[in-house]
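# Observations on the three-dimensional arrangement
As a plain string of letters, each chain reads:
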Amino acid sequence: MIKPLKSEKKIETIFEKGAHIKEGAVLIKFYDFKDDEVSFGVSIPKKNFKSAVSRNRIKRQLRELVRNSPDIKQIKKGVSFFIIYIIIW
């Protein structure tokens, strides 16, 4: 089961030591912690979306997309990832 990423230490490790994949407007940073849980976080920069309502809506949609994805079961146990939605004007 996939869980929300809450640990500050894990988030810092993902951003410092983790690898990344960029595809279009989405940047995914990930790191293998070699434990038994798969967790994820979502971030939307305030610089690109000034309205909190817009940012929160995009976050909710991305979280639902990740939770309901059939491919999520293929992620190796222990991998945590962070999704950043970056729109380029």
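An account of the accompanying structure is given in this report. Note that the coordinates shown come from a computational prediction; the quantities given were computed from them, not determined experimentally.

## Things to note about helix α2 (residues 52–67)
Between its first and last C-alpha atoms α2 spans 22 Å; for 16 residues at 1.5 Å apiece the expected length is 22 Å, and the two agree. Taken together, the buried positions of α2 are occupied by R55, I58, L62 and V66. Along the axis of α2, the buried positions cluster into a sector of 70°, meaning they face one direction only. Among the exposed residues of α2, those pointing more than 90 degrees away from its buried face are V53 and R57. Structurally, α2 contributes buried residues whose contacts are with β1 (2–4), β4 (38–43) and β5 (79–85).

## A closer look at helix α1 (residues 8–17)
Those residues of α1 that sit buried are K10, T13 and I14. For α1, the angular spread of buried residues about the axis comes to 100°, placing them on one side. In α1, the exposed residues that point more than 90 degrees away from the buried face are E8, K9 and E16.

Rules of the game
Residues numbered from 1 in each chain as written. Predicted model: local features only at pLDDT ≥ 70, side-chain atom pairs only at ≥ 80, totals over all residues. Heavy atoms only, no water. Helix = DSSP H or I, 4+ residues; strand = E, 2+ residues; numbered from the N terminus. Expected span 1.5 Å × (residues − 1). Buried < 20%, exposed > 50% of the residue type's maximum accessible area, 1.4 Å probe, protein only. Arc of directions from axis to C-beta. Contact = heavy atoms within 4.5 Å.

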